[in-house]
Every structure is written in C-alpha cells, then in structure tokens.
Amino acid sequence: MEIITLGDETLTKPATLVADIDKGIADFTAAMLETMMKGNGIGLAASQVGYLKRIFVCHFQGDIPRVFINPEILRTSNDQETFEEGCLSIPGIYADVVRPEEITVQAWNEKGKPFTIDADGLLARVIQHEMDHLRGVLFIDHLNPKKRERVVKQYYRKVRV
Ligand code: NI
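This text gives an overview of the structure that appears in the document. (Residues numbered from 1 in each chain as written. Predicted model: local features only at pLDDT ≥ 70, side-chain atom pairs only at ≥ 80, totals over all residues. Heavy atoms only, no water.)

1. With respect to the coordination of the nickel ion
- Of the protein atoms, only Cys87 (SG), His129 (NE2) and His133 (NE2) coordinate the nickel ion, at distances of 2.1 to 2.3 Å.
- Sequence spacing of the donor residues for the nickel ion, all on one chain, is C-x41-H-x3-H. Pair noted here: histidine 129 and histidine 133 are both in helix H2 (residues 121-134), with a separation of four residues, about one helical turn.
- The exposure class of histidine 133 is buried, given its relative accessible area of 1%. (Donors = N, O, S within 2.8 Å, 3.2 Å for Na, K, Ca; no water. Helix = DSSP H or I, 4+ residues; strand = E, 2+ residues; numbered from the N terminus. Buried < 20%, exposed > 50% of the residue type's maximum accessible area, 1.4 Å probe, protein only.)

2. Some thoughts on the side chain of arginine 66
- Structurally, arginine 66 is set in strand E3 (residues 66-76).
- Ignoring anything within four residues of it in the chain, the contact list for arginine 66 reads Phe56, Val57, Cys58, Ile117 and Leu123. (Contact = heavy atoms within 4.5 Å.)

3. Quick word on a nonpolar patch on the surface
- Taken together, the side chains of Ile42, Phe83 and Leu122 make up a nonpolar region of the molecular surface, amounting to roughly 220 Å² of accessible area.
- Relative to the elements of secondary structure, isoleucine 42 occurs in the loop between helix H1 (23-38) and strand E1 (43-45).
- The exposure class of isoleucine 42 is partly exposed, given its relative accessible area of 35%. (Patch = residues over 30% accessible without salt bridge, like charges linked within 9 Å, V, L, I, M, F, W, Y side chains within 5 Å. Areas by Shrake-Rupley, 256 points an atom, 1.4 Å probe, with all protein chains shown as cover. Salt bridge = Lys/Arg side-chain N within 4 Å of Asp/Glu carboxyl O.)

4. Let's talk about the sheet that holds strand E6 (residues 103-108)
- Across the sheet, which stays open at both edges, the five strands sit in the order E1-E2-E3-E6-E7 with antiparallel pairing between neighbours. Only two strands of the sheet have a single partner each, and these edge strands are E1 and strand E7 (114-119). Pairs of neighbouring strands in the sheet enclose a mean axial angle of 40°, with direction left out of account.
- In the packing of H1 onto the sheet, the strands contacted are E1, strand E2 (55-58) and E3, and the crossing angle to E2 comes to about 45°. (Pairing = 2+ DSSP bridges. Axes fitted to C-alpha atoms, helices over the stretch in contact; angles between N-to-C directions.)

Here is the structure:
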C-alpha cells in the first residue's frame, strides 16, 4: 500500500461508514498495519491509503496492535494536554497540538466485534489524530494559521525539491 501525502485532496475528504466487516476488510486492516509499521508510524487511517472508509489502525511500543472500524468518540475529558505530533502523510514535520487528555471511544474490530475503551496518554492521542483523518482533518489544521503556513512551507522545502 502506498501512503498518500500532503497536497492530495483525498486527505481533506470525510470517510464513510463501513457497511460490512467481512474478510476483505479484515485483510485490508492487516495490510494497513503492515504499511504503518514499514513507515515506522504508530497510527494509520484508511484515508491515508486512499480508501475513504471509517477505519484506522494503531500500534506502538507497550501496547497491542489495534483496529478501529466505524469509531465514535463518546466522551472527551475537559483536561487538555499538549503533545508533539507527526503524520505519515506529512513526513518530517512535527508540531505541538492541544487535545483532550482522556477519551472514551466505541468501535468494531476486524472480526466485527464491538468494543468500548477508555484511553489516555499516547493511545488517546493517536486515536484522536486518526479520528481527525476520518473527517479530512490533519494535525497541522489545529495550528494557528501562521504556524500552519510555516510548517507547510517547511514541508515542501524538504520534500518537493
Ligand atoms: Ni496522521
């Protein structure tokens, strides 16, 4: 799978619900996890591989690989946290983003089993970043316009030589 990068308009489009969690979807999520790990990422949304469905995966050291299909955030904490984010679709760019510290999220796994989890720390961070992808929002969209412009310029200087 190829990861699409900043400038591709697919990244700005909202993803739609998965109707059936079948073998095809399960295989797709396995391929997503593989693609994510190859890129040394800790989260990947289906939009980033050009498939506009509500699916994302994540895996980082100290946690299990996770698949989220048709995820919904049920609750966010009032407490917020600043954390430096990056994205496989904007390689080489990192910036501080403020988000709720804890969330409760409901989703289905690749076997079609529903689950609800309370997440904090890095897991809460990754989930919110990936949820943004599903509505066509990138982490740089959380920055103030000046800072956003600066990092976008920095990205194009680095990548499009
Ligand atoms: Ni991302």
